[in-house]
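Listed here are the chains, written in short residue letters.
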Amino acid sequence: MANKGKVFNDPIHGHLELHPLLIKIIDTPQFQRLRYIKQLGGAYFVYPGASHNRFEHSIGVAHLAGELARALRTRQPELEITDEDILCVQIAGLCHDLGHGPFSHLYDGKFIKKQRPELDWKHEKASLEMFDHLVEVNGLEKEMETCGLDPVNDLVFIKEMLYGPLDTDSTQDMEDLWPYRGRSEEKSFLYEIVSNKRNGIDVDKFDYFARDFYHLGMKNNFDYRRFIHFARVCEVDGEMQICARDKEAVDIYDMFHTRYYLHKRACQHKVHTNVEAMITDAFVKADGHIKIKGSRGRKYTLSTAMEDMEAYTKLTDRVFEEILFSSSDELKEAREILKRIISRDLYRFLGEMPTKTPEDVINAWKEDLKEPLARRLKPEDFEALDITLDYGMNDENPVDHLHFYRKENPDKAFKRRKEEGSF
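On a predicted model such as this, the values are computed, not experimentally measured, just so you know.

## So, the pattern of salt bridges
- A full pass over the atoms with the stated rule returns 26 salt bridges.
- Between Arg181 and Asp167 there is a salt bridge, and its shortest N-O distance comes to 2.8 Å. Linking Arg181 in the loop between helix 9 (168-171) and helix 10 (203-216) with Asp167 in the loop between helix 8 (153-163) and helix 9, this pair joins segments that are 14 residues apart in sequence.
- Overall, the relative accessible area of 47% leaves Arg181 in the partly exposed class.
- Residue classification places Asp167 among the partly exposed residues on the basis of a relative accessible area of 30%.
- The partner of Lys339 in a salt bridge is Glu336, with the nearest N and O atoms 3.8 Å apart. Taken together, the residues span about one helical turn, with Lys339 and Glu336 both in helix 16 (residues 332-342) at a distance of 3 residues.
- Taking relative accessible area as the criterion, Lys339 reaches 40% and is therefore assigned partly exposed.
- Three or more residues joined by partner-sharing salt bridges are found here, namely Asp85, Asp154, Arg183 and Lys187.

Written out as structure tokens, the structure reads:
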């Protein structure tokens, strides 16, 4: 490729250089839209430093994906990690968040869930579709071939890292078979670098821990550099998995405590949750009144834009200002809600209740609200929100899904006994 890579001066990772193909991807409208999607959604209304976006996070993940893949290759040349493997992993890291909508998780986790409850849709699906759209409309398939990538197998590999197995229907009854097509089972560890579905230890978390804490003004106790330095691939039940050094167990527990702390102090902060509930309500009231032009001239709404990637490319956090500064009578109710956020006239917080059965509690509250209410309040004037705090795997301990190795026997993986440490 004639063009050279570029050096970025990142506040988290310092000076980092990216492959020319990654620059080609970055310099597309589909990737540039991530500049206008807040990493922490409504947290910017609580923490004034939380102004960072999915754009810089994605660049950081691409960088760390390359760092981890190259570290494994240097330490274990027998794994036969190729330049093409590393480039594919970096592309997956760069593109893993392409499918996020306005205010990140607010869009799929709150707005779509409220406006279209029958729809089982998550941003990962949109990342897959947006990646396909990005490659097609920008003619990047030829660029990939120029860089030595296979337009069939390597593209499938990248998309599997973004979404998981693509042929889910054909593998449902064949759990013992390797479900991926992009890489064979001998390179199964590559699927754990960007999005580790086994235990959640991946470079996506490494970057957002460091980046989110930096912008929130909080201290991050987890050092991802140590994990990368000691990471090693071992065979576990016939599958190659990324394992950690036994002495790093405490740091691994620190990582999951860090995740819990981040969610408790920022992501699930009660004012942050309140603001996002208000933005969600505004989007619900605005849905249908904002039209976004997609492919073949068809118009889409806030809740249908993700069905067309041309329309979805135009949907970012800027829809907040579009509603706020509109003069349309149809958007008046939505506009008034956003004005309340700007003037700090937030919904009133009435209380919270810790429970392991939030659905039962919320349903009980809804029944109570059917009783006559004072001061002309109606049941729809109240909202009960479910906030989940865990270590990333619901009631499970993610460290139970991680294998370790010892210095004296680095090729033999083992699990820590539960009595050796837990949450």
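## Some remarks on helix 16
- All buried positions along helix 16 are accounted for by Ala334, Arg335, Ile337, Leu338 and Ile341. Down the axis, helix 16 shows its buried residues gathered within 160 degrees of arc, on one side only.
- Buried positions along helix 16 lie against helix 13 (270-286) and helix 15 (319-324).
- Immediately downstream of helix 16, the backbone of Arg344 shows phi near 65 degrees, a positive value.

## Focus on the sheet that holds strand 3 (residues 232-236)
- Spatially, 4 strands are ordered 3-4-7-8 in an open sheet, and the strand pairing comes out mixed. If you trace the sheet from one side to the other, it starts and ends with strand 3 and strand 8 (409-414), each paired once. Each neighbouring strand pair of the sheet contributes to a mean axis angle of 50 degrees, computed without reference to strand direction.
- Here 2 bridges tie strand 7 (residues 404-406) to strand 8, and the two strands are oriented antiparallel to one another. Within the sheet, the bridge partner assigned to Arg406 lies in strand 8 and is Asn409.

What counts and how
- Residues numbered from 1 in each chain as written.
- Predicted model: local features only at pLDDT ≥ 70, side-chain atom pairs only at ≥ 80, totals over all residues.
- Heavy atoms only, no water.
- Salt bridge = Lys/Arg side-chain N within 4 Å of Asp/Glu carboxyl O.
- Helix = DSSP H or I, 4+ residues; strand = E, 2+ residues; numbered from the N terminus.
- Buried < 20%, exposed > 50% of the residue type's maximum accessible area, 1.4 Å probe, protein only.
- Arc of directions from axis to C-beta.
- Contact = heavy atoms within 4.5 Å.
- Pairing = 2+ DSSP bridges.
- Axes fitted to C-alpha atoms, helices over the stretch in contact; angles between N-to-C directions.

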